[in-house]
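Architecture and fold: a report
These are the residues of each chain, in order.
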Amino acid sequence: MSAYEHEVKALLGAAGVPVPRGVVVDGLDFDRAGELAEPLVLKAFGPGLVHKSDVGAVALGLSRKDLAARAADMRARLEVAGFLVEEQAEAGVELIVGLVRDPGFGPVLLTGLGGVWTEALRDTALRLCPISEEDARRMLASLRGSSVLYGSRGGPPVDVDAVVKLLMTVGGPGGLWERLELGEFELNPVIAGSSGVIAVDARYLPSPGPVAGASGAATDFLPLFEPKAVAVVGASTTRPNFGNMFLGFYRAAGVPLVAVHPTADEVAGVPAVPSLAEADVDYALVAVPAERCAEVLREARGVPFVQVMSGGFAEVGRPDLEEELAEAARAAGTRLLGPNCMGVYSPRGRQTFVGGGLGPAGPVALISQSGGLAGEVIKVGERRGLAFSRVVTVGNSADVTPAELLRWLARDEETRAVGLYLEDPRDGRELFEALQAAELPVVLLVGGRTGQGQEAAASHTGGMVSDRRVWEAVAEQAGAVLVSSQDDLIGVLAYFQAHGSRDASGGVLVVGPSGGASVLAADAFDLAGVRLDPLPPEALEALRGLGVVASGNPLEVPVGPLGRAGLVPEVVSALLRCRPYGDVVLHVNVQAFFTYGDAAEPLYAYARAVAQAQAALPGTRITLVTRNGECAPPGVEDEVRRIAAAAGIPVYRSMEAAAVAVAAGGRYGVA
Ligand code: ADP
Ligand code: MG
């Protein structure tokens, strides 16, 4: 549907959005404008007139008698279907309010400063609809230029409540966003003054079309993660392939196993049956060429979960094969994981897709669109002390989706934090709702750009809805932590594994050696959005008693091979008696212990003292930063990590990584 400004304004007016009083004139007889109060605005409309000011189709500050001449002038220059004459609103702060349909996440509300300067200023905020009043206020407060709304440079403050009401009318529960079938639209500008708001321009944008809805009945994914027996389809008796590799992994993991092979009685020492129909398993892994996968699926009746490892589907331009596969799964009544995915890892269930044996079972879950990345997060994460409850890779998500898995994992008793690696939201609305419903910490890493949101770039609103910003809005609204690297994904999950998601209030105290390192620590926390509150005055006295000259927060306290291992814990205990900081970040320069000799033992003594401090301070979350760890001989860092992990202390190799993790913990507590 395309509509002219006055038609959109009629819709807005009916919904309760203030618009200027106006009349539509299709000839040159402007008598009807007599009822309007001057000054007047004359706007020409017609099929090609989109950005009206650019082509001289808007005239401001007119009196009634000017109208006919100005209209004649516009007619002479432009292809005009008619005119809108309206009252001119008083000047104020010009805002943009837009509603677009993101291809992944559905209806998104945008607001920002600027009116005609919107594109130049790029000062906008996004939220997924429906927004809450709190969302509306936070959107406005998050604008870089928000001070113009609250009264700056002697100007009167804007009626912010009226702006909030307008945002709610457009993007709130029951708002205009529910009528997006009418088209996307953009109000630019909305003029906000001290006594209200008024939308003086409104237009429709081309709509990229509806998003597909999803989901049927909820599935219990427990057998996916803890299968009683597993089948591997596609291992060879003559030419070892991926199927054989997985047979090897499963054999090592010790899960009851059967191979599916057309002729052999056994494959690589594993008993074989000729068809999946004869395998009594609740999980089957399929590693045969793409064209043959659907045929395997058709025999999967009675197997609740089938994972298709093979690639060669939608990701290489064969959506037809993928549809056939999904159809075969539906017909067999089985749930399909993938295709083009690595599978599932769950030490508790002896499920695996990585070599080198199963790690310890723990509380961290991971959903990953990429199998390779999931493998890295498992291996590197376990090296750094992460322990997984369930890891699942989803590949092309032809059937089982990340959102569905997240809903299940959020209620899984073994899982206390979930990491998500995605490249495309797939069923974005579902995912958003699953994130909102999840009460445990969710850490989100988003890779790549899909070009979504760019399609509408012809319009102001569409052009500014970049992928990254929609994801930021999703995380902000749903209370998830958005990280920007694999390292931070692991680091933040490690923090949640160690410290859970208790209320993270109380502030952050940083303690360690070196003035320079302390200043840089302050910067790292600042960048991560964490304020380091100053020490309370009583603290100075307490510290003097311990022979420490208080320098502030970060607090500089010597830690080295010759120092007293227990000094830092004593300082921390003394400070916490003055003020109960929620997080204490302790850092140590590992290099100082090894440059002039081998002082591993003093470093361990320090780590043990820190571990004892954590045991004595159960209400405080201690985090350890081992800076310059590469200067230690092999094995030393692992031992420090082991001592810390046993006490529930996460360890980071850089202040930046620790700051991101502590910030994420605090943000979660606040959200
Ligand atoms: P465009 O198609 O160029 O965006 P607009 O309808 O937004 O045209 O008009 C251009 C500018 O004129 C607006 O940004 C606003 O500053 C001003 N304007 C338009 N209509 C009104 C009005 N009714 N009252 C006050 N100012 C107006
Ligand atoms: Mg405009």
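Just above, that's the structure.
Because the structure is a prediction, the values reported are computed rather than measured.

Quick notes on the rules
- Residues numbered from 1 in each chain as written.
- Chains lettered and ligands numbered in written order.
- Predicted model: local features only at pLDDT ≥ 70, side-chain atom pairs only at ≥ 80, totals over all residues.
- Heavy atoms only, no water.
- Helix = DSSP H or I, 4+ residues; strand = E, 2+ residues; numbered from the N terminus.
- Buried < 20%, exposed > 50% of the residue type's maximum accessible area, 1.4 Å probe, protein only.
- Contact = heavy atoms within 4.5 Å.
- Areas by Shrake-Rupley, 256 points an atom, 1.4 Å probe, with all protein chains shown as cover.
- Core = buried A, V, L, I, M, F, W, Y, C linked by side-chain atoms within 4.5 Å.
- Donors = N, O, S within 2.8 Å, 3.2 Å for Na, K, Ca; no water.
- Near = heavy atom within 4 Å.
- Polar contact = N/O pair within 3.5 Å; in protein donor to acceptor, adjacent residues only side chain to side chain.
- Nonpolar A, V, L, I, M, F, W, Y, C, P; charged D, E, K, R; others polar.

A closer look at the overall build of the protein
When you go through the protein residue by residue, the secondary structure sums to 22 helices and 28 strands. C-alpha extents for the protein along the principal axes are approximately 90 × 80 × 35 Å. Taking all 671 residues of the protein together, 56% fall into the buried category. Counting only contacts in the protein whose residues sit at least 6 apart along the sequence, the fraction spanning at least 24 positions is 69%. Just so you have it, the protein exposes about 27,600 Å², and 53% of that area is on carbon and sulfur atoms.

Digging into helix 12 (residues 428-437)
Most of helix 12 sits out of view: seven of its 10 residues are buried. When helix 12 is considered as a whole, its buried residues turn out to be Gly428, Arg429, Glu430, Leu431, Phe432, Ala434 and Leu435.

What about the nonpolar core?
With 104 residues, the main nonpolar core has Leu224 and Phe525 as its most contacted residues. For this core, the leading source of residues is helix 22 (residues 655-670), giving eight residues. When sequence neighbours within four positions are dropped, the list of residues in contact with leucine 224 reads Tyr283, Phe305, Leu337, Val344, Gln351, Val392 and Leu405. Core analysis: the next-biggest nonpolar cluster, separate from the first, contains 41 residues, Val511, Leu555, Val572 and Ala599 among them.

Here we look at the coordination of the magnesium ion (ligand 2)
Around the magnesium ion (ligand 2), the protein contributes the donor atoms Asn188 (O) and Asp201 (OD), which lie 2.1 to 2.2 Å from the metal centre. Of this pair, asparagine 188 sits in strand 8 (residues 184-193) while aspartate 201 sits in the loop between strand 9 (196-199) and strand 10 (203-205), placing them 13 residues apart in sequence. Residues asparagine 188 and aspartate 201 agree in their burial class; the two are buried.

Brief notes about the site of ligand 1
Close to ligand 1 lie 21 residues, the nearest being Lys43, Lys52, Ser53, Ala89 and Glu94. Taking aspartate 201, its side chain carries an N or O atom lying 2.9 Å from an oxygen atom of ligand 1. Taking 540 Å² as the accessible area of ligand 1 by itself, protein coverage stands at 89%. When contributions to the shell around ligand 1 are tallied by element, the ones reaching two or more residues are strand 2 (40-45), strand 3 (58-62), strand 4 (82-87) and strand 8. Looking at which element gives the most residues to the shell around ligand 1, the answer is strand 8, with three residues. For the shell around ligand 1, the class distribution of residues is 10 nonpolar, four polar and seven charged.

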